[in-house]
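Understanding the architecture of this molecule
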Amino acid sequence: MKITVIGTGYVGLVSGTCLAEMGNDVLCLDLDARKIAILQDGEIPIHEPGLLEMVRRNVAAGRLRFTTSIEDSVAFGQLQFIAVGTPPDEDGSADLQYVLAAARNIGKHMTDYKVVIDKSTVPVGTGDRVKAALADELAKRGLDTPFSVVSNPEFLKEGAAVEDFMRPDRVVIGAEDERGIAMMRELYAPFIRNHDRVIVMDVRSAELTKYAANAMLATRISFMNELANLADVMGADIEQVRVGIGSDPRIGFHFLYPGCGYGGSCFPKDVQALIRTAEENGRQLKVLQSVEDANEAQKHLLLEKIDGRLGKDLAGKHFALWGLAFKPNTDDMRAASSRVVIQGLLERGATVTAYDPVAMNESRRIFGDETRLRYADAPMAALQDADALVIVTEWKEFRVPNFGAIKAALKLPLIFDGRNLYPPQQVRDNGLEYFAIGRR
Ligand SMILES: NC(=O)c1ccc[n+]([C@@H]2O[C@H](COP(=O)([O-])OP(=O)(O)OC[C@H]3O[C@@H](n4cnc5c(N)ncnc54)[C@H](O)[C@@H]3O)[C@@H](O)[C@H]2O)c1
């Protein structure tokens, strides 16, 4: 099939590449000329395991191309995926300007039937607005060329995005016309060969499904974070509680890890957007508002623990910080807890040396010429001259450190661990003071 992907970010680039991998012809559009130039040079602008090799293979096979030309992109695909960003507006609602601009661009240039597929995460009712924008642009040109509008929310996880796209748990298709549904089934059939995992529903339900999924996952995290904080004051161990409840099949083990708050490009903005959607429609999502409030507070928890141990004036103190990305296996730092922790340490007068396997360039971009934040090229190198170690992302390479060497390197033997990476007793047996989340 001939496919255009509009927006070549985390979702667009992965989707376009995986669709090409199955033998489709794919053209990826982005208006960011820098990203397209990187891709045309045979590199990729993001870190995502397995993606670079797959991009190169499909480019070499002639199935995957990149462009900044809107005209070419509209002419190319009968299927037009919209995978542009939907960042939070000032009031937390999803900013739809990029989605609607993409839809209008299709309407301005299309000359034959198109299936316009919304893959961006968008509030309920966006499908109707996309349809109206397309119809409006066609009417301006005196045309009534047929098109289908489909909602196909994306559930991939950054860090495992290629694997998730190639082997999806489910493919949600929101559509109301048979032609669009048939083309979507044909497109996804090779990805779900051993049993049908396509769930067809109406467009509004599909749009809400995506928010409901992220809201549920965020709720589990905030719930566990609050329980961990309670465990901390009650002398219970949240890790034992986690195992105790996760073994109930109605609860399960996934997404029960407490920590220093969730971040990333999805949960924070999607939780906020769903709260706003409800408010705009006269409803209050009280549970979700609390999830959001609890997470904001949790992002400050490591700072509170540091305040509690060292006081609020950290002038002259130097911290090593392991992990900048919002989670492992990505360089994405959007809404990452590390940003709150670094900002808080700098405000208290401290200096920081950070290490992350892939996100240091992204951090340099975000923190610019902040001289009190430096970077190290290895985890242990970050500890040089440091008073204490703060851990914010659970990268595998932090899991089995040499505690003796950490003790020897730190001036005060303190570890503030926002991801509960270590058995507390083991750390303490090595002469270190250990502050984790809800651990005894
Ligand atoms: N990142 C994830 O893990 C993830 C997972 C599932 C769903 N989503 C959703 O997918 C959407 C995209 O997310 P992302 O993380 O890939 O965003 P991103 O910011 O990485 O990429 C979006 C891209 O769209 C481009 N763009 C904007 N307007 C355009 C236009 N009119 N024409 C062409 N290109 C345009 C931007 O330049 C940018 O490169 C969002 O709605 C997000 O919520 C993201």
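Residues numbered from 1 in each chain as written. Predicted model: local features only at pLDDT ≥ 70, side-chain atom pairs only at ≥ 80, totals over all residues.

1. Remarks on the site of the ligand
Among the 26 residues in the neighbourhood of the ligand, the closest are listed as Gly-7, Gly-9, Val-11, Ser-120 and Thr-121. Looking at the shell around the ligand, the elements that each hand over two or more residues are α1 (10–21) and α5 (97–109). Across the shell around the ligand, the residue classes tally to 12 nonpolar, nine polar and five charged. (Near = placed C-beta within 6 Å. Helix = DSSP H or I, 4+ residues; strand = E, 2+ residues; numbered from the N terminus. Nonpolar A, V, L, I, M, F, W, Y, C, P; charged D, E, K, R; others polar.)

2. Things to note about the UniProt feature "binding site: NAD(+)" (unreviewed entry) in the protein
Annotation from UniProt places "binding site: NAD(+)" (unreviewed entry) at Asp-30, Lys-35, Thr-86, Thr-121, Glu-158, Lys-269 and Arg-334. The annotated residues occupy 305 residues of the chain and do not converge on a single region, their most distant C-alpha atoms lying 23.4 Å apart. With respect to the element layout, Thr-86 can be found in the loop between β4 (79–82) and α5. Other than its neighbours up to four places away in sequence, Thr-86 contacts Ala-94, Asp-95, Leu-96, Val-99, Ser-120, Thr-121 and Val-122. By the secondary structure assignment, Glu-158 is in the loop between β6 (147–151) and α7 (161–166). The exposure class assigned to Glu-158 is buried, which follows from the 25 C-beta atoms found within 10 Å. Dropping the residues within four chain positions of it, Glu-158 is found in contact with Tyr-10, Glu-48, Gly-264, Thr-330 and Asp-332. (UniProt positions renumbered as here; feature names shortened; annotations may be inferred. Contact = placed C-beta atoms within 7 Å. Buried ≥ 20, exposed ≤ 12 C-beta atoms within 10 Å, placed from the backbone.)

3. Observations regarding helix α6 (residues 126–140)
In a regular helix each residue adds 1.5 Å, so 15 residues correspond to 21 Å; α6 covers 21 Å between its end C-alpha atoms and thus fits that length. Thr-126, Gly-127, Val-130, Ala-133 and Leu-134 are the residues of α6 that are buried. Angular distribution of buried residues about the axis of α6 spans 125°; they occupy a single face of the element. With respect to the buried face of α6, the exposed residues turned more than 90 degrees away are Asp-128, Asp-136, Ala-139 and Lys-140. (Expected span 1.5 Å × (residues − 1). Arc of directions from axis to C-beta.)

4. A word on the packing of helix α9 (residues 203–234) against helix α12 (residues 286–298)
Axis separation between α9 and α12 bottoms out at 9 Å; the angle between their running directions is 55°. Taken together, the axes of α9 and α12 are oblique relative to one another. The handedness of the crossing between α9 and α12 comes out as left-handed. Residue-level inspection shows Ala-215, Ala-218, Thr-219, Ser-222, Asn-225 and Glu-226 of α9 in contact with α12, the latter providing Val-287, Leu-288, Val-291, Ala-294, Asn-295 and Gln-298. Across the contact of α9 with α12, the residue classes break down as six nonpolar, five polar and one charged. (Axes fitted to C-alpha atoms, helices over the stretch in contact; angles between N-to-C directions. Parallel < 35°, antiparallel > 145°, perpendicular 65-115°, else oblique. Left-handed = near helix turned anticlockwise from the far one by under 90°.)

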